Amino acid sequence: KEEEKKQVVADSCTVLTEKNFPSQPILYREEELERLMISLALNKKIALIVGNYGSGTTSLVEYLAYLIQNKKCPEFLQQKNILEVNIPSLQRKSNKKNTIEDRINAIIDSAKKTNSILFIDEADDITSPQTSENQNILAMLRYATERDGVKIIATSTKKRYEEYASSTEFKKQYDVIYLPKLKDE
């Protein structure tokens with residue numbers, strides 16, 4: 001069973017804090033980076049980074065991974081890993097023997113054991129309640145955050161966020177970090 005869990009993580013996750021960064025990434029999002037680190041330190045909510053395509057939502061998380069890797073971050077983050085979860089891969093590889101819930105649980109268990117932050121890039125599909133499977137995935141992730149203290153970062157486009165963010169219930173579950181356009185965009 002443990003080997004199956006490890007295989008799920010290997011098949012569906014990338015460890016961003018082990019990525020080879022040939023040089024320090026350039027990022028002009030210091031304010032948003034600080035806001036993300038504060039969110040990870042304080043909240044039992046999913047940190048949701050919202051921005052237009054190309055605004056740097058993914059780059060912000062990769063920059064955080066670089067800082068963690070090089071111990072240029074606050075102490076509470078220095079022993080963390082960032083696991084990027086590939087949700088479409090999880091969904092494709094699910095079957096009757098190994099359901100999506102089993103696979104999500106394996107990743108959550110791994111995050112707890114390895115002191116990892118889960119990162120879900122372009123999480124629009126699971127943050128908008130389109131299917132019961134998406135709702136189950138989201139409920140499991142929220143539960144892991146609230147009950148077990150698993151830290152989760154997700155990204156969304158501004159357009160998709162505006163479609164589903166009006167509910168008060170939604171706002172209680174996410175700590176939203178907006179990425180405005182850069183001045184030279």
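Rules behind the numbers
Residues numbered from 1 in each chain as written. Predicted model: local features only at pLDDT ≥ 70, side-chain atom pairs only at ≥ 80, totals over all residues. Heavy atoms only, no water. Helix = DSSP H or I, 4+ residues; strand = E, 2+ residues; numbered from the N terminus. Buried < 20%, exposed > 50% of the residue type's maximum accessible area, 1.4 Å probe, protein only. Contact = heavy atoms within 4.5 Å. Areas by Shrake-Rupley, 256 points an atom, 1.4 Å probe, with all protein chains shown as cover. Core = buried A, V, L, I, M, F, W, Y, C linked by side-chain atoms within 4.5 Å. Pairing = 2+ DSSP bridges. Salt bridge = Lys/Arg side-chain N within 4 Å of Asp/Glu carboxyl O.

Quick word on the overall build of the protein
Phase 1 of the analysis: When its secondary structure is counted, the protein shows nine helices and six strands.
Phase 2 of the analysis: Expressed as a percentage of the 185 residues in the protein, the buried residues total 47%.
Phase 3 of the analysis: Sequence separation of 24 or more characterises 82% of the internal contacts of the protein that already satisfy a separation of 6 or more.
Phase 4 of the analysis: As displayed, the protein offers around 10,100 Å² of accessible surface, 48% of which is attributable to carbon and sulfur atoms.

A short note on the environment of G149
Phase 1 of the analysis: Secondary-structure assignment places G149 in the loop between α7 (132-148) and β5 (152-157).
Phase 2 of the analysis: The class for G149 is partly exposed, based on a relative accessible area of 30%.
Phase 3 of the analysis: It is 9.0 Å that separates the C-alpha atoms of G149 and N43, two residues lying 106 residues apart in sequence.

Looking at the nonpolar core
The tendency in soluble globular proteins is for nonpolar side chains to be buried as a group.
Phase 1 of the analysis: Membership of the largest hydrophobic core comes to 31 residues, with the highest contact counts inside it found for V85, L90, I104, I107, L118, I120 and L141.
Phase 2 of the analysis: When residues no more than four places from it in sequence are discounted, the contact partners of V85 are S12, C13, L90, I107, L118, F119 and I120.
Phase 3 of the analysis: Formed by 25 residues, the second largest nonpolar core is a distinct cluster that contains L40, L60, F119 and I177.

Side note on the pairing of strand β3 (residues 81-85)
Phase 1 of the analysis: Sheet topology note: the strand β1 (residues 13-15)/β3 ladder contains three bridges and is antiparallel. Paired with T14 across the strands is E84, a residue of β3.
Phase 2 of the analysis: Sheet topology note: the β3/strand β4 (residues 116-120) ladder contains four bridges and is parallel. What sits directly across from I82, in β4, is I117.

Details of the pattern of salt bridges
Phase 1 of the analysis: All chains considered together, the criterion is met by eight salt bridges.
Phase 2 of the analysis: With a shortest N-O distance of 2.8 Å, D109 and K5 are connected by a salt bridge. With D109 in helix α5 (residues 100-114) and K5 in helix α1 (residues 2-12), this pair connects stretches of sequence that are 104 residues apart.
Phase 3 of the analysis: In this structure, the salt-bridge partner of E62 is K19, at a minimum N-O distance of 3.2 Å.

Here's the deal with the pairing of β4
Phase 1 of the analysis: Taken across its five residues, β4 has five buried, putting it largely inside the fold.
Phase 2 of the analysis: The alternating pattern of β4 places S116, L118 and I120 and I117 and F119 on opposite faces, both of which are buried.
Phase 3 of the analysis: Bridge count between β4 and β5: three bridges; the pairing is parallel. If you follow I120 over to β5, its bridge partner there is A154.

In short, the description is geometric, and any link to function would need to be established separately.
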